[in-house]
Amino acid sequence: MQENDEQSSGISPQYDPMRVLALTDGVFAIIMTILVLELHVPVVSTNEELKTWGVALSYKLLLYFASFLLAGVYWVGHRSLFSLVRRVNTGLLWINIIFLMIAALIPVGASLLGQYPRMPLALRAYGVLLFLLAAWRLVMYLYVTSRHDLLIRTVSPRVKKRVIAVMIFAPTLFLISTILSPYFPKFSLILYVITPPMFITMITLVNRTERAHTG
């Protein structure tokens with residue numbers, strides 16, 4: 001039965017996008033699990049010590065929520081992009097591998113910033129990580145949408161232009177935040193936190209607009 005399905009689809013298992021999705025799902029599941037495991041509960045003997053830990057935890061929780069949401073945004077975006085993909089090639093496989101390699105550093109960046117919140121270098125390192133992730137996601141989108149042989153259906157120039165405009169938004173803000181981090185650390189941290197939900201809002205509006213036009 002499996003062989004018949006492969007023959008009817010005309011796609012060799014070597015180029016089946018489902019295997020790429022399975023690997024990506026597994027990596028993002030591990031990333032999200034590691035993020036929550038970084039929230040350690042200490043052993044304390046007094047209520048004051050517990051309060052002190054609670055203050056420190058509030059900052060780490062902020063980074064946890066921001067980083068978890070960030071991972072979720074890129075996982076959803078990856079699934080959305082691959083819903084257009086009929087088959088993969090070697091180039092896309094390696095682009096995806098590099099994307100996962102960068103994404104796997106999200107818990108490291110969040111942990112570094114959580115441990116050293118007052119150090120500009122930690123804030124800058126987190127910003128560089130977010131910039132690389134957003135920029136490489138844009139590279140993946142450009143590669144996929146430019147290879148018509150990989151697609152289920154061709155992406156219209158209008159849709160592609162709007163999506164690219166939205167996708168440039170995140171790396172631009174992350175780059176600005178990274179540059180400003182030594183001088184305005186709190187402002188940079190705020191930009192790191194609010195950029196993912198802003199991106200979700202923008203891409204949702206774009207998708208709704210396109211559905212309204214096509215509907």
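Shown above is the structure to which this text applies.
Residues numbered from 1 in each chain as written. Predicted model: local features only at pLDDT ≥ 70, side-chain atom pairs only at ≥ 80, totals over all residues. Heavy atoms only, no water.

(A) A look at helix α4 (residues 90-103). Its 14 residues give α4 an end-to-end C-alpha distance of 20 Å, which sits within 8% of 20 Å, the value for a rise of 1.5 Å per residue. Of all the residues in α4, the buried ones are L92, I95, N96, F99, L100, I102 and A103. Looking straight down α4, one finds that the buried residues subtend no more than 160° of arc, so they occupy a single side. Along α4, exposed side chains directed more than 90 degrees from the buried face belong to T90, W94 and M101. (Helix = DSSP H or I, 4+ residues; strand = E, 2+ residues; numbered from the N terminus. Expected span 1.5 Å × (residues − 1). Buried < 20%, exposed > 50% of the residue type's maximum accessible area, 1.4 Å probe, protein only. Arc of directions from axis to C-beta.)

(B) Spatial organisation of the packing of helix α3 (residues 47-82) against helix α6 (residues 120-146). It is the contact of α3 with α6, at a shortest axis distance of 11 Å, that shows an interaxial angle of 10°. By the angle between their directions, the pair α3 and α6 is classed as roughly parallel. In this structure, α3 contributes S67, L70, Y74, G77, H78, L81 and F82 to the contact, and α6 contributes Y126, L130, L133, A134, R137, M140, Y141 and V144. Looking at the contact of α3 with α6 residue by residue, the class counts come to 11 nonpolar, 3 polar and 1 charged. (Axes fitted to C-alpha atoms, helices over the stretch in contact; angles between N-to-C directions. Parallel < 35°, antiparallel > 145°, perpendicular 65-115°, else oblique. Contact = heavy atoms within 4.5 Å. Nonpolar A, V, L, I, M, F, W, Y, C, P; charged D, E, K, R; others polar.)

(C) How the structure looks around the packing of aromatic side chains. Applying the stated criterion to the full structure yields 6 aromatic pairs. Between Y64 and F65 the ring centres are 5.3 Å apart and the planes differ by 55°, which places this aromatic pair in the tilted class. Ring centres of Y64 and F68 lie 5.6 Å apart, and the angle between their planes is 50°; this geometry places the pair in the tilted category. You can see Y64 and its partner F68 sitting in helix α3, 4 residues apart, about one turn around the helix. Given a relative accessible area of 16%, Y64 falls into the buried group. A network of ring pairs unites the aromatic residues F28, Y74 and F99 as a single cluster. (Phe/Tyr/Trp six-rings, centres within 6.5 Å; stacked < 30°, edge-to-face > 60°.)

(D) Representation of the packing of α6 against helix α7 (residues 157-180). At a closest axis distance of 8 Å, the pairing of α6 and α7 adopts a crossing angle of 165°. As judged from the angle between their axes, α6 and α7 are roughly antiparallel. Here the hand of the crossing between α6 and α7 comes out left-handed. A per-class count over the contact of α6 with α7 returns 17 nonpolar, 4 polar and 3 charged. (Left-handed = near helix turned anticlockwise from the far one by under 90°.)

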